[in-house]
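Listed below, chain by chain, are the residues.
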Amino acid sequence: MSGAEHFFTDLPYLAGQLGLSDPAIPLSGERAWYITRDYVSASFDLHLRGISQPLLDGPKATHPEVAFQ
């Protein structure tokens, strides 16, 4: 995720809720939380439930921060 830096946890989200956002990290904790939720849910649906997930097919305009390699 572009702009997420190393903080791929709940800490940036919780800090943002307390008004303690780090301006050095351009991606808000809330936005990172939504992106993480979307991709984890899509992955579970695909691999555990066998439901096709177009979100996992490649870059999406709704999630421009996510790079596929």
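The structure under discussion appears in the preceding block.
An account of the accompanying structure is given in this report.

About the criteria used
- Residues numbered from 1 in each chain as written.
- Predicted model: local features only at pLDDT ≥ 70, side-chain atom pairs only at ≥ 80, totals over all residues.
- Heavy atoms only, no water.
- Core = buried A, V, L, I, M, F, W, Y, C linked by side-chain atoms within 4.5 Å.
- Buried < 20%, exposed > 50% of the residue type's maximum accessible area, 1.4 Å probe, protein only.
- Contact = heavy atoms within 4.5 Å.
- Salt bridge = Lys/Arg side-chain N within 4 Å of Asp/Glu carboxyl O.
- Helix = DSSP H or I, 4+ residues; strand = E, 2+ residues; numbered from the N terminus.
- Phe/Tyr/Trp six-rings, centres within 6.5 Å; stacked < 30°, edge-to-face > 60°.
- Patch = residues over 30% accessible without salt bridge, like charges linked within 9 Å, V, L, I, M, F, W, Y side chains within 5 Å.
- Areas by Shrake-Rupley, 256 points an atom, 1.4 Å probe, with all protein chains shown as cover.
- Expected span 1.5 Å × (residues − 1).
- Arc of directions from axis to C-beta.

**With respect to the nonpolar core**
- By size, the foremost hydrophobic cluster in this structure holds five residues: Ile35, Tyr39, Ala42, Leu55 and Val66.
- Not counting residues up to four positions away in its chain, the partners in contact with Leu55 are Asp38, Tyr39, Ala42, Lys60, His63 and Phe68.

**A look at the pattern of salt bridges**
- One pass over the full model with this rule turns up three salt bridges.
- A salt bridge links Asp45 to Arg49, with the shortest nitrogen-to-oxygen separation between them at 3.1 Å. Here the residue Asp45 and the residue Arg49 both occupy positions in helix α2 (residues 29–49), the gap between them amounting to four residues, near one helical turn.

**Considering the packing of aromatic side chains**
- In the structure shown here, the tally under the stated rule is two aromatic pairs.
- Ring centres 5.0 Å apart and planes at 75° place the aromatic pair Trp33 and Tyr34 in the edge-to-face group.
- Look at Tyr34 and you get partly exposed, because its relative accessible area is 31%.

**With respect to a nonpolar patch on the surface**
- Taken together, the side chains of Val40, Phe44 and Leu48 make up a nonpolar region of the molecular surface, amounting to roughly 320 Å² of accessible area.
- As for its placement among the helices and strands, Val40 is situated in helix α2.

**So, α2**
- An ideal rise of 1.5 Å per residue puts 30 Å on 21 residues; α2 measures up with 29 Å between its terminal C-alpha atoms.
- Of the residues making up α2, those classed as buried are Gly29, Ala32, Ile35, Tyr39 and Ala42. Relative to the axis of α2, the buried residues are bounded by an arc of 165° and lie together on one face. Opposite the packed face of α2, turned more than 90 degrees from it, sit the exposed residues Leu48 and Arg49.
- A positive backbone phi angle near 70° is found at Gly50, which sits one or two residues after α2.

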